[in-house]
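A look at the structure
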Amino acid sequence: HKIRQFTAQSYITAEVPARWFIFQLELTSKTTGRNMIGLAECLEIGESLQMQEDEVKAALLYFHNLTLFLYFPSILPDVVFLNPQALFDMLSRLIAISYEDCSYD
């Protein structure tokens, strides 16, 4: 419990560049209705805010840790999930379908 509380506190008190929040707002407003986006488009949005590639990726990881977006650079380096709930719902349906298929064996 104390580790979770410390982790949550560290994100609350972390100093984050203001342009990261502008990046998050821009990303959200320019991709309304979309559940995922390519990294290249994220980089374009970041570039419009004078962010370098490494800063965009750092911001994506920061927002990933807050569960605002999901970004898995080691697994899917070119994809950013904008709506985590939509991804969770899709995975839940996939697991349910797989479970139903297995139950008929």
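Above this note sits the structure.
Analysis parameters
- Residues numbered from 1 in each chain as written.
- Predicted model: local features only at pLDDT ≥ 70, side-chain atom pairs only at ≥ 80, totals over all residues.
- Heavy atoms only, no water.
- Axes fitted to C-alpha atoms, helices over the stretch in contact; angles between N-to-C directions.
- Helix = DSSP H or I, 4+ residues; strand = E, 2+ residues; numbered from the N terminus.
- Parallel < 35°, antiparallel > 145°, perpendicular 65-115°, else oblique.
- Contact = heavy atoms within 4.5 Å.
- Nonpolar A, V, L, I, M, F, W, Y, C, P; charged D, E, K, R; others polar.
- Salt bridge = Lys/Arg side-chain N within 4 Å of Asp/Glu carboxyl O.
- Buried < 20%, exposed > 50% of the residue type's maximum accessible area, 1.4 Å probe, protein only.
- Pairing = 2+ DSSP bridges.
- Phe/Tyr/Trp six-rings, centres within 6.5 Å; stacked < 30°, edge-to-face > 60°.

Here helix α2 (residues 18–30) crosses helix α4 (residues 53–65) at 75°, and the two axes come no closer than 10 Å. On the basis of their axis angle, the class for α2 and α4 is roughly perpendicular. Of the residues in α4, those touching α2 at Arg 19, Trp 20, Phe 21, Phe 23, Gln 24 and Leu 27 are Glu 55, Val 56, Ala 58, Ala 59, Leu 60, Tyr 62 and Phe 63. Grouping the constituent residues of the contact of α2 with α4 by class yields 10 nonpolar, 1 polar and 2 charged.

A separate point is the environment of Ile 22. Relative to the elements of secondary structure, Ile 22 occurs in helix α2. Taking the C-alpha atoms as reference, Ile 22 lies 9.4 Å from Gly 46; in sequence the two are 24 residues apart.

Before going further, it helps to examine the pattern of salt bridges. A side chain of one charge can pair with a side chain of the opposite charge if their charged atoms are brought near each other. Within the structure shown, the criterion is met by 4 salt bridges. Arg 19 is the salt-bridge partner of Glu 55, the closest N and O atoms lying 3.0 Å from each other. One end of the pair, Glu 55, is in helix α4; the other, Arg 19, is in helix α2, with 36 residues separating them in the sequence. For Arg 19, a relative accessible area of 34% corresponds to the partly exposed category. A salt bridge links Lys 57 to Glu 53; its shortest N-O distance comes to 2.9 Å. Of the two residues, Lys 57 and Glu 53 both sit in helix α4, 4 residues apart, roughly one turn of that helix. Residue classification places Glu 53 among the partly exposed residues on the basis of a relative accessible area of 43%.

Turning our eyes to something else, we now look at the sheet that holds strand β3 (residues 76–81). The strand order across the open sheet built from 3 strands is β1-β3-β2, with neighbouring strands paired in antiparallel fashion. Of all the strands in the sheet, the pair left with one neighbour each is β1 (36–38) and β2 (70–72). Neighbour to neighbour, the strand axes of the sheet diverge by 20° on average, direction disregarded. Where β1 meets β3, 3 bridges bridge the pair, whose relative direction is antiparallel. By the bridge assignment for β3, Gly 38 is matched with Val 79.

A full pass over the atoms with the stated rule returns 5 aromatic pairs. Plain terms: the ring middles of Phe 21 and Phe 63 are 6.0 Å apart, the flat faces sit at 75° to each other, and that makes the pair edge-to-face. Here Phe 21, found in helix α2, pairs with Phe 63, found in helix α4; they are 42 residues apart in sequence, far enough to count as distant. Using a relative accessible area of 37% as the deciding quantity, one classes Phe 21 as partly exposed. For Phe 63, a relative accessible area of 0% corresponds to the buried category. One aromatic cluster is present, formed by Trp 20, Phe 21, Tyr 62, Phe 63 and Phe 69 through successive ring pairs.

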